[in-house]
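# Observations on chain architecture
Each chain, written out:
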Amino acid sequence: MEQVKILKDGFETHSMLMEPHWLVTFQAPVEDIDRIFEEITIHTPLQHGKTDKNGFRTSSGQEYYRPREGTPTGAEEEIRKRPGVDEMSFFIPQDNQVLERVIEAIYAVHSYYEPVVFVREVLRSRCKGLDDSRNPHRWWNKSGDWKTA
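First, a word on what this report is: a plain description of the structure on this page.

What counts, and where the lines are drawn
- Residues numbered from 1 in each chain as written.
- Predicted model: local features only at pLDDT ≥ 70, side-chain atom pairs only at ≥ 80, totals over all residues.
- Heavy atoms only, no water.
- Helix = DSSP H or I, 4+ residues; strand = E, 2+ residues; numbered from the N terminus.
- Buried < 20%, exposed > 50% of the residue type's maximum accessible area, 1.4 Å probe, protein only.
- Contact = heavy atoms within 4.5 Å.
- Polar contact = N/O pair within 3.5 Å; in protein donor to acceptor, adjacent residues only side chain to side chain.
- Lys, Arg positive; Asp, Glu negative; His and termini not counted.
- Salt bridge = Lys/Arg side-chain N within 4 Å of Asp/Glu carboxyl O.
- Pairing = 2+ DSSP bridges.

Tracing the sequence through the fold places Arg 57 in strand β3 (residues 56-65). According to the relative accessible area criterion, Arg 57 is partly exposed, its value standing at 29%. Once the C-alpha coordinates of Arg 57 and Asp 34 are considered, the two residues, 23 residues apart in sequence, prove to be 9.8 Å apart. Apart from residues lying up to four places away in sequence, Arg 57 is in contact with Val 30, Ile 33, Asp 34, Asp 86, Glu 87 and Met 88. A distance of 2.9 Å separates the side chain of Arg 57 from the backbone oxygen of Val 30, its partner in a polar contact. Here the side chain of Arg 57 touches Asp 86 through a polar contact of 2.7 Å, side chain to side chain.

The structure is reproduced here in structure tokens:
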């Protein structure tokens, strides 16, 4: 029972807030991910703190499936193995209207007639904005980030 309450209400520590969100993940061919993600950000900003358009893309895997009767390609006996399928994940507030817009946005521009989409109830971290200017572990107090080569 306590686990359910934490997922619904979140909690906080000295430096972090853990807030209830939905983690949305979709799978798509590598060449489709950016197009789908851009469409999603038209419908919700995917804000996290002082940044927006936040997401995480995993590297390519291989999708297995066998088309059956009623699919656009028709039934096949062999299992198809499609390389170059990525996963993209992002957080949205637990708001049904936002979720519906996101799901419809994915469907509208996805190349599959039945896109693979997962929605999970999670807690997402948020920093309370403490002064980190002297923290030696922060990237800005080291050699910089990946953009300054």
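Within the secondary structure, Phe 11 is located in strand β1 (residues 11-12). On the accessibility criterion, Phe 11 (41% relative accessible area) is partly exposed. Taking C-alpha positions, Phe 11 is 45 Å from Arg 80, a pair spaced 69 residues apart along the chain. In this structure Phe 11 touches Ile 6, Met 16, Leu 17, Met 18 and Leu 123, once residues within four positions along its chain are discounted.

Now for the side chain of Glu 63. With respect to the element layout, Glu 63 can be found in strand β3. At 5.3 Å, Arg 82 is the nearest oppositely charged side chain to Glu 63, a buried residue that forms no salt bridge. Polar side-chain contacts of Glu 63 include one of 2.8 Å to the side chain of Tyr 112. Those residues in contact with Glu 63 that sit more than four places away from it in its chain are Gln 27, Arg 80, Lys 81, Arg 82, Val 85, Tyr 112 and Val 116.

Note: β1 against strand β2 (residues 16-29), 2 bridges, orientation antiparallel. Along β2, the bridge assignment pairs Glu 12 with Leu 17. Here β2 pairs with strand β5 (residues 116-127) via 12 bridges, running antiparallel. The residue of β5 that forms the bridge with Trp 22 is Glu 121.

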